[in-house]
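So the chains spell out like this:
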Amino acid sequence: MPTVETVRGPIDTADLGPTLMHEHVFVLSTEHLQNYGENDWWDEDERVADAVEQLNALKALGIDTIVDPTVWGLGRYIPRVQRVAEHTDLNIIVATGLYTYDEIPHQYEHRGPGLLLDLPVDPMVTDFTRDIRDGIAGTGVKAAFLKCVVEAKGLTPGVERNLRACAATHRDTGAPITVHTSVGNQAGRMALQVFRDEGVDLTKVVIGHAGDSNDLDYLSELADAGCLLGMDRFGLDIYNPTSSRVDTIVALAERGYADRMVLAHDASCYIDYFPGAEAQAAKQQIAPNWNYTHISTDVLPMLRERGMTDDQIRQMLVEAPRRYFE
Ligand SMILES: [Zn+2]
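- In the nomenclature of an unreviewed UniProt entry, the protein corresponds to Phosphotriesterase-related protein from the organism Blastococcus haudaquaticus.
- The record held by UniProt for the protein lists under Sequence similarities (unreviewed entry) the comment "Belongs to the metallo-dependent hydrolases superfamily. Phosphotriesterase family."

Here we look at the overall build of the protein
(1) Moving on: A count of helices and strands for the protein gives 12 helices and 14 strands.
(2) Moving on: Relative to a compact globule of 326 residues, whose C-alpha radius of gyration would be 20 Å, the protein shows 19 Å and is just as compact.
(3) Moving on: If you line up the protein on its principal axes, its C-alpha atoms span 60 × 45 × 40 Å.
(4) Moving on: Looking at the protein alone, contacts between residues at least 24 apart form 76% of all its contacts between residues at least 6 apart.
(5) Moving on: Of the roughly 13,600 Å² of accessible surface on the protein, a fraction of 48% belongs to carbon and sulfur atoms.
(6) Moving on: Taking the average location of the 28 positive side-chain charges in the protein and that of its 50 negative ones, the two points are 4 Å from each other.

Notes on a nonpolar patch on the surface
(1) Moving on: Together, Ile238, Tyr239 and Ile286 make up an exposed nonpolar region whose accessible area comes to about 370 Å².
(2) Moving on: Relative to the assigned elements, Ile238 resides in the loop between strand 12 (228–231) and helix 9 (242–254).

Thoughts on the packing of aromatic side chains
(1) Moving on: For the structure shown, the criterion picks out 6 aromatic pairs.
(2) Moving on: When the ring of Trp42 is compared with that of Tyr270, the centres are 5.2 Å apart and the planes differ by 75°; the resulting orientation is edge-to-face. On the criterion of sequence distance, the pair formed by Trp42 in the loop between helix 1 (30–36) and helix 2 (44–60) and Tyr270 in strand 14 (residues 270–271) is long-range, its members being 228 residues apart.
(3) Moving on: Directly above the ring of Tyr239 sits Arg233, whose terminal nitrogen or CZ lies 4.4 Å from the centroid.

Some thoughts on the UniProt feature "modified residue: N6-carboxylysine" (unreviewed entry) in the protein
(1) Moving on: Following the UniProt record, one finds the feature "modified residue: N6-carboxylysine" (unreviewed entry) at Lys147.
(2) Moving on: Tracing the sequence through the fold places Lys147 in strand 9 (residues 145–150).
(3) Moving on: Of the polar contacts made by the side chain of Lys147, one reaches the backbone oxygen of Pro69; its length is 3.2 Å.

Digging into the pattern of salt bridges
(1) Moving on: Under the definition given, this model contains 21 salt bridges.
(2) Moving on: Ionic pairing is found between Asp45 and Arg83, a salt bridge with its closest N-O pair at 3.0 Å. You can see Asp45 sitting in helix 2 and its partner Arg83 sitting in helix 3 (residues 78–85), a full 38 residues away along the chain.
(3) Moving on: Classification of Asp45 as exposed rests on a relative accessible area of 52%.

Focus: the pairing of strand 12
(1) Moving on: Of the two faces of strand 12, the one carrying Leu228 and Gly230 and the one carrying Leu229 and Met231 are both buried.
(2) Moving on: Note: strand 11 (residues 205–208) against strand 12, 2 bridges, orientation parallel. Directly across from Ile207, in strand 12, lies its bridge partner Leu229.
(3) Moving on: Note on the crossover from strand 11 through helix 8 (residues 216–224) to strand 12: the handedness is right-handed.
(4) Moving on: Assessed by its sense of winding, the connection that carries the chain from strand 12 through helix 9 to strand 13 (residues 261–263) is right-handed.

Here's the deal with the coordination of the zinc ion
(1) Moving on: Only His22 (NE2), His24 (NE2) and Asp266 (OD) from the protein coordinate the zinc ion, and they sit 2.1 to 2.2 Å from it.
(2) Moving on: Sequence spacing of the donors to the zinc ion: H-x1-H-x241-D. Here Asp266 lies in the loop between strand 13 and strand 14 and His24 lies in the loop between strand 3 (19–20) and strand 4 (26–27), a separation of 242 residues in the sequence.
(3) Moving on: Look at His24 and you get buried, because its relative accessible area is 5%.

Observations regarding the nonpolar core
(1) Moving on: Among the nonpolar cores identified, the biggest contains 112 residues, and Val25, Phe195, Leu303 and Phe325 are the most heavily contacted of them.
(2) Moving on: Dropping the residues within four chain positions of it, Leu303 is found in contact with Val246, Ile249, Val250, Met308, Ile313 and Met316.

Description of the layout of surface pockets
(1) Moving on: Considered as a void within the structure, the largest pocket measures approximately 640 Å³ in volume.
(2) Moving on: Looking at the largest pocket, it is lined by 28 residues, and the ones nearest its centre are Thr30, Trp72, Gly73, Gly75 and Arg76.
(3) Moving on: Those elements that provide at least two residues to the lining of the largest pocket are helix 1, helix 3, strand 6 (91–97), helix 4 (106–109) and helix 5 (123–133).
(4) Moving on: Here the lining of the largest pocket is composed, by residue class, of 13 nonpolar, 9 polar and 6 charged.
(5) Moving on: Roughly 470 Å³ of volume is contained in the second largest pocket.
(6) Moving on: Together, 27 residues line the second largest pocket, and Arg233, Leu236, Tyr239, Asp266 and Trp290 are the ones closest to its centre.

Details of the side chain of Arg161
(1) Moving on: Examined against the element boundaries, Arg161 turns out to sit in helix 6 (residues 157–173).
(2) Moving on: Here Arg161 falls in the buried class, since its relative accessible area comes to 18%.
(3) Moving on: At 2.9 Å, the side chain of Arg161 and the side chain of Asp122 are in polar contact.
(4) Moving on: Once residues lying within four places of it in the same chain are set aside, the contact partners of Arg161 are Ile104, Tyr108, Glu109, Arg111, Leu115, Asp122, Pro123 and Met124.

About the cut-offs
Residues numbered from 1 in each chain as written. Predicted model: local features only at pLDDT ≥ 70, side-chain atom pairs only at ≥ 80, totals over all residues. Heavy atoms only, no water. UniProt positions renumbered as here; feature names shortened; annotations may be inferred. Helix = DSSP H or I, 4+ residues; strand = E, 2+ residues; numbered from the N terminus. Rg over C-alpha atoms; globule rule 2.2 N^0.38 Å. Contact = heavy atoms within 4.5 Å. Areas by Shrake-Rupley, 256 points an atom, 1.4 Å probe, with all protein chains shown as cover. Lys, Arg positive; Asp, Glu negative; His and termini not counted. Charge placed at Lys NZ, Arg CZ, Asp CG, Glu CD. Patch = residues over 30% accessible without salt bridge, like charges linked within 9 Å, V, L, I, M, F, W, Y side chains within 5 Å. Salt bridge = Lys/Arg side-chain N within 4 Å of Asp/Glu carboxyl O. Phe/Tyr/Trp six-rings, centres within 6.5 Å; stacked < 30°, edge-to-face > 60°. Lys NZ or Arg CZ within 6 Å of the ring centre and 35° of its normal. Polar contact = N/O pair within 3.5 Å; in protein donor to acceptor, adjacent residues only side chain to side chain. Buried < 20%, exposed > 50% of the residue type's maximum accessible area, 1.4 Å probe, protein only. Pairing = 2+ DSSP bridges. Right-handed = clockwise from strand over helix to strand, strands pointing away. Donors = N, O, S within 2.8 Å, 3.2 Å for Na, K, Ca; no water. Core = buried A, V, L, I, M, F, W, Y, C linked by side-chain atoms within 4.5 Å. 1 Å grid on protein atoms, 1.4 Å probe; cavity = no way out; pocket = protein on both sides within 12 Å on 5 of 7 lines; lining within 4 Å. Points joined across faces, edges and corners; volume = space filled by probe spheres on them. Nonpolar A, V, L, I, M, F, W, Y, C, P; charged D, E, K, R; others polar.

Given below as structure tokens:
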């Protein structure tokens, strides 16, 4: 049986069940917390207990697995996620890679082939591979996929190096890739171009945030290349309202792409972009449906109402995630 690594260890891919393919547990800068965490906006025990509660509520709605693409740049800290995972039956899958819209961190800048410290292999590849093969920072938890970004700035030298490092690690390890993309510049095409050039198995690529677009030609092009479309920001109406996201999924399913879409909210239990109870409340006002439960309680009924079959929904929630990790 093929297996996939979770925070609590490997499970059969057949046991993934209904899976949300892009949710964060915590988005929380480790460096910020180390320096300024002793103020009023962070209480470790309270936040861990709150995360457990939110994830158990999601599990109770029938979701068995979340896939968490929090990497360096978004504040990945696995021991905190382990504390949460101890108290929920929900499977949590974690990632390696790098979250940057432009430059890579200085720690990689001068290290690598042809650089000041001339190494035979890009240390990004070395680090990502270690996370996948040996585990992350001595926790024993192994990353199961790679995360990179192409945003509004496009393929800057740093962004391109990150994509190529993820591609090389994918070739070595077989780990699939999720690339965060922006839709204004149809950045999915740029990611596709680099991944093709690098010989990536495109059926192992999620074009993250593709669902912010309603351009059926753009989305079909990515799906025809073999990629999975991340319809993964339900509740973030500022990028694309739920009704439009639903229309686009229905239209793509009618064109035969139900097996090329995956679902999520890009939500988090806590995101430090909105520090403090008041700001978290403001987040609720700006995006009241930006939480883990919107798909289960609102979106799936809307899709069924629009004529999508149980089999098509199963493709998006169960079968496509399973194939991605096999
Ligand atoms: Zn995200």
